[in-house]
Amino acid sequence: MALSVKEVFAGWKIWGIPALVELLAPWQDALTGLKLISDYWQPALNVFCSVSGALGAMFAYAFLHDQPRRTQRRWALRALLVFVATFAVCFVLNIRVGVDFFPSLAIQWLVRAAWVLSYIAVFFSSGLLILALLLAGSGDRPVGTGTTEKAAGD
């Protein structure tokens with residue numbers, strides 16, 4: 001008998017999270033050791049990016065905790081798209097700049113600025129994404145917090 005989509009998401013906490021962890025476990029070292037930016041910017045940029053991730057999570061909670069789930073899911077999707085796009089930009093720039101792409105000095109500064117901003121956006125969007133997903137998936141919601149109200153733009 002096939003499971004419905006609702007049943008699959010209802011069981012996510014029981015089987016989904018352990019399955020995801022089990023799936024990613026063999027590549028944990030490779031994933032956490034992946035370089036997305038040149039060592040030139042380290043370690044100061046990593047400190048700022050860690051703060052940026054926490055700010056993204058605080059932003060998500062401050063603006064989404066009393067919104068309807070539909071709005072929370074929209075923000076989670078937007079954060080996922082930003083995360084994937086900025087991760088891809090950082091990854092491509094890391095493997096191309098100085099290897100087979102040698103921009104002029106003016107273009108080089110633009111590329112570096114885009115690279116640093118993308119790197120910061122990876123962390124900010126990941127913090128926002130994680131908290132938006134947690135808020136959208138939480139089953140216990142106090143009365144009057146986004147259960148019947150419509151958010152602006154819904």
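Residues numbered from 1 in each chain as written. Predicted model: local features only at pLDDT ≥ 70, side-chain atom pairs only at ≥ 80, totals over all residues. Heavy atoms only, no water.

## Quick notes on the pattern of salt bridges
Counted by the stated rule, this structure contains one salt bridge. Of the charged contacts, one joins Arg96 and Asp100 as a salt bridge, the two residues approaching to 2.9 Å between their closest N and O atoms. (Salt bridge = Lys/Arg side-chain N within 4 Å of Asp/Glu carboxyl O.)

## Description of the packing of helix α4 (residues 44-64) against helix α6 (residues 105-137)
Closest axis-to-axis distance for the α4/α6 pair is 7 Å, and the angle between their directions is 35°. Of the two elements, α4 crosses α6, and the hand of that crossing is right-handed. Taken together, the residues of the contact of α4 with α6 break down into 18 nonpolar, five polar and no charged. (Axes fitted to C-alpha atoms, helices over the stretch in contact; angles between N-to-C directions. Helix = DSSP H or I, 4+ residues; strand = E, 2+ residues; numbered from the N terminus. Left-handed = near helix turned anticlockwise from the far one by under 90°. Nonpolar A, V, L, I, M, F, W, Y, C, P; charged D, E, K, R; others polar.)

## A look at the environment of Ala57
Checked against the element boundaries, Ala57 lands in helix α4. It is 4.7 Å that separates the C-alpha atoms of Ala57 and Leu128, two residues lying 71 residues apart in sequence. Setting aside its immediate chain neighbours within four residues, Ala57 contacts Gly127, Leu128 and Leu131. (Contact = heavy atoms within 4.5 Å.)

## What about the nonpolar core?
Listed in full, the ten residues of the largest apolar core are Leu45, Cys49, Cys90, Leu93, Val111, Trp115, Val116, Tyr119, Ile120 and Val122. Mapped by element, the contributors of at least two residues to this core are α4, α5 (69-96) and α6. The leading source of residues in this core is α6, at six residues. Core analysis: the next-biggest nonpolar cluster, separate from the first, contains nine residues, Ala60, Ala79, Leu128 and Ala132 among them. (Core = buried A, V, L, I, M, F, W, Y, C linked by side-chain atoms within 4.5 Å. Buried < 20%, exposed > 50% of the residue type's maximum accessible area, 1.4 Å probe, protein only.)

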